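Geometric and topological summary
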Amino acid sequence: MKWRILLFYTVFVIAAGSVAIINGNGGKNNTDTAPVTKAESVEASPEALPAVNDETALCAIDVRCPDCNIILLSVDSLRADHVGAYGYKRDTTPYFDALAKKGALFENYFSTSFLTPVSEMSVHTGMYPTAHKTTNFDTVLPEDITTLAQYFKQKGYTTSALLSSPEFEVNPALRESFSRGFERYTYLEQEEVVRASPTSEQIKVEADVFSGKKFFWWVGIGGVHWPYGAQGPNVFADEAYSGIFQNKSLEWGAFQNIYEGVRYPEQIPVGDADIQYVIDQYDNGVRAFDEFLKEFIGELRKKDLLEQTIIIIQSEHGEGLHEHGYFAHYDILDTQTHVPFLILFPGFDKECRITSFAGSVDVFPTITDVLGYAPLGQFQGASLAPIIRGSEKDGARQEVFLERSPLWEEIFSVSSILRQRGIEAENERHSDRGIRTPRWKYIQRTSSAAMERINWWQAMTGRKMNFPKEELYDLVDDPGETKNVIDQYPNEASELAQKLRARFDAISSAFSEDAEIQPTIQPYF
């Protein structure tokens, strides 16, 4: 059981900060809790900070916080449209929603990829996957790239990681890459409930390390990831459900042969009630994470660790819930890359909803900016602090870049099953790329020819499928990304392709070192 479910994972980042707003009753005033004071006040000057444009400033505060602590809480597989603050009608995230009214919420934030270690490394380096090279479970981060933990250690911070997502522990290449710079790197061993969130006692033990010290704390939480609904009580699922998923663990083993409403090879229909049951259990996992978040912040408050601390909340990728025929994180469509991102600053106590586009590569640059440090030369993203300050107009950033690297079929556990069917995919290394704007999603499928040989769904169903080299989706008319309109809008596609090519040509030329491959990796199911 211990390693059985460890396959795909999402990460959701929360950097915990000094927040007078975060109290144990969902954001309401708590007379038993002393107010949290703002971290060191820094007066803005024309030399230090661009002037605020009052007409465009949504937040309009100086968010610089020298010597602030950072807590980065990474949550696996949380998609934005299943969070109340992003418009979801179900009450899945009451505590997160309360926090969102007291911080900077980015409405158009996208993970760089669909897979946990790939997009999480973009958060930890400020670089795209093509540059940081951590593009599978067996790739090692090149030595000349600085991670968040290494950066903070150099600055004199105590660095610690507390992880319930097993991918960061059981794969040697990923453990070597992500553990760099951490003085403490703790994986929570779990025998019965895999990916279980840390308990109050475990939080207390780790938090005691930080007493009287500046700290960077990365907390990796896997509970939203499959098996769906394994964390916490049932809130949303029908207790009377008796379909094909009854009494099943809702993980990859239950989903791998399901495509477009049919379970293969038996040709068993997967009906609306079955799909809804999976969604309900996924939402149970989201609600369980929200309960953990409330408990986590509560324990930090008891330890007086919220003062002079910044909180960043970001999910590393989303999850496909049969919108495109499968249950998985498989591609760079919005269901799997549009994720929540919230920053809480000391003394920041008003709602600030930001529409500018942002992504995983912008997190590290934002952190260095608010701490008052110069950006690193390796950064390929940009600080988001100017938007929050009001010195940059919200909405000015209108695009993000995405990478589908690796292909799902190239991941060890998936390729092993394909090999049993006579399909060799393990040594393949492809990367589809995309650009997302307010209206368009353009994807360049460099994997098109390979997919004709190794595509998972084609192998499972026995159906011959079409794999276009380019895809274009009009997100105004087709927000679900179901109709490829590349032929109807050739000029728009050409313009987006040029932008995509220019961006990745620049990335590839700047960082050319190959990644080390460590082939010994753990099966995830």
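Given the structure is predicted, the values throughout are model-derived calculations rather than measurements.

Attention now moves to the packing of aromatic side chains. One pass over the full model with this rule turns up 42 aromatic pairs. For the pair Phe401 and Phe504, a centre-to-centre distance of 6.3 Å together with 85 degrees between the ring planes defines the contact as edge-to-face. Taken as a pair, Phe401 in strand β16 (residues 400–404) and Phe504 in helix α16 (residues 490–510) lie far apart in primary sequence, 103 residues in all. Across this residue pair, the class does not change: Phe401 and Phe504 are buried. Cation over ring: Lys155 sits above Tyr373, and NZ or CZ is 4.2 Å from the ring centre. Above the plane of the ring of Tyr330 lies Arg404, whose end atom (NZ or CZ) is 4.8 Å from the centre.

Attention shifts here to the pairing of strand β18 (residues 440–444). Two faces, one strand: in a regular strand the side chains alternate between the faces of the sheet. Of all 5 residues in β18, 4 are buried; the element is thus mostly enclosed. With 4 bridges connecting them, strand β17 (residues 432–436) and β18 associate as antiparallel partners. Along β18, the bridge assignment pairs Arg433 with Gln444. Linkage of β17 to β18, two consecutive antiparallel strands, is achieved through a turn of 3 residues. Two elements, β18 and strand β19 (residues 470–474), share 5 bridges in a ladder whose sense is antiparallel.

Okay, helix α9 (residues 272–302) next. In an α-helix, one full turn covers 3.6 residues, which means residues spaced three or four apart are oriented alike. The terminal C-alpha atoms of α9, which comprises 31 residues, lie 45 Å apart, in line with the 45 Å expected from a rise of 1.5 Å per residue. In terms of residue burial, α9 counts as a mostly covered element, since 24 of its 31 residues are buried.

Enumeration over the complete set of coordinates arrives at 1 disulfide. Shown here is the disulfide that connects Cys65 with Cys68, its sulfur atoms set 1.7 Å apart. Residue Cys65 is classed as buried on the basis of its relative accessible area of 2%.

Here we come to the pairing of strand β2 (residues 69–75). β2 sits mainly inside the fold: 7 of its 7 residues count as buried. The two faces of β2 match: Asn69, Ile71, Leu73 and Val75 on one face and Ile70, Leu72 and Ser74 on the other face are all buried. Where β2 and strand β11 (residues 309–315) come together, 7 bridges link them in parallel fashion. Counterpart to Ile70 in the pairing with β11 is Ile310.

Time to look at the nonpolar core. Residues Phe106, Trp217, Trp218, Phe245, Phe255, Phe296 and Ile388 are the most contacted members of the largest nonpolar core, which totals 157 residues. Take this core: its biggest share by element is 12 residues, from α9. When sequence neighbours within four positions are dropped, the list of residues in contact with Ile388 reads Cys59, Ala60, Ile61, Val63, Ala104, Phe106, Ile343, Phe345, Phe348 and Ile354.

Counted by the stated rule, this structure contains 33 salt bridges. With a shortest N-O distance of 2.9 Å, Arg175 and Glu169 are connected by a salt bridge. On the accessibility criterion, Arg175 (30% relative accessible area) is partly exposed. Between Arg287 and Glu291 there is a salt bridge, with its nearest N and O atoms 3.6 Å apart. On the criterion of helical spacing, the pair formed by Arg287 and Glu291 is a turn pair, its members being 4 residues apart in helix α9.

Right, let's get into the environment of Gln281. Relative to the helices and strands, Gln281 is located in helix α9. Gln281 sits 51 residues away from Ala230 along the chain, and the two C-alpha atoms are 8.2 Å apart. When sequence neighbours within four positions are dropped, the list of residues in contact with Gln281 reads Tyr228, Gly229, Ala237 and Leu250. Of the polar contacts made by the side chain of Gln281, one reaches the side chain of Asn284; its length is 2.9 Å.

The subject of this paragraph is the sheet that holds β16. Within the open sheet, the 4 strands sit side by side as β16-β17-β18-β19. Their pairing is antiparallel. Sheet topology places β16 and β19 at the edges, where each strand pairs with a single neighbour. If you compare each strand with its neighbour and ignore which way they point, the axes differ by 15 degrees on average. As judged from the 5 bridges shared by β16 and β17, these two strands associate in the antiparallel manner. Bridging across to β17, Arg404 finds its partner in Asp432.

Model confidence for the protein chain is summarised by a mean pLDDT of 87, while 86% of its residues fall at 70 or above. Every residue in residues 1–57 scores below 50 in pLDDT, and together they form 216 contacts with partners more than four places removed in sequence or on other chains.

This next bit is on unusual backbone geometry. In this structure, Pro227 follows Trp226 across a cis peptide bond, with omega equal to 5 degrees. Within the element layout of this structure, Pro227 appears in the loop between β7 (215–221) and α8 (252–255). Cis rather than trans, the peptide bond between Ser405 and Pro406 has omega equal to 5 degrees. One can find Pro406 in the loop between β16 and α13 (412–420). In this model, Gln267 sits at a positive phi of 65 degrees, which is unusual for a non-glycine residue. With respect to the helices and strands, Gln267 occurs in the loop between β9 (262–263) and β10 (268–269). With phi around 60 degrees, Gln308 is a residue other than glycine that occupies positive phi space. Following the sequence through the fold, Gln308 ends up in the loop between α9 and β11.

Turning our attention to the environment of Ser179. Structurally, the position occupied by Ser179 is in the loop between α6 (172–178) and β6 (184–187). Considered as a pair, Ser179 and Gln150 are 29 residues apart in the sequence and their alpha carbons are 9.3 Å apart. Not counting the four nearest positions on each side in its chain, Ser179 is found in contact with Leu174 and Tyr185. Here the side chain of Ser179 touches Arg175 through a polar contact of 2.6 Å, landing on its backbone oxygen.

Thresholds, definitions, all that
Residues numbered from 1 in each chain as written. Predicted model: local features only at pLDDT ≥ 70, side-chain atom pairs only at ≥ 80, totals over all residues. Heavy atoms only, no water. Phe/Tyr/Trp six-rings, centres within 6.5 Å; stacked < 30°, edge-to-face > 60°. Helix = DSSP H or I, 4+ residues; strand = E, 2+ residues; numbered from the N terminus. Buried < 20%, exposed > 50% of the residue type's maximum accessible area, 1.4 Å probe, protein only. Lys NZ or Arg CZ within 6 Å of the ring centre and 35° of its normal. Pairing = 2+ DSSP bridges. Expected span 1.5 Å × (residues − 1). Disulfide = S-S within 2.5 Å. Core = buried A, V, L, I, M, F, W, Y, C linked by side-chain atoms within 4.5 Å. Contact = heavy atoms within 4.5 Å. Salt bridge = Lys/Arg side-chain N within 4 Å of Asp/Glu carboxyl O. Polar contact = N/O pair within 3.5 Å; in protein donor to acceptor, adjacent residues only side chain to side chain. Axes fitted to C-alpha atoms, helices over the stretch in contact; angles between N-to-C directions. pLDDT = per-residue confidence, 0-100.

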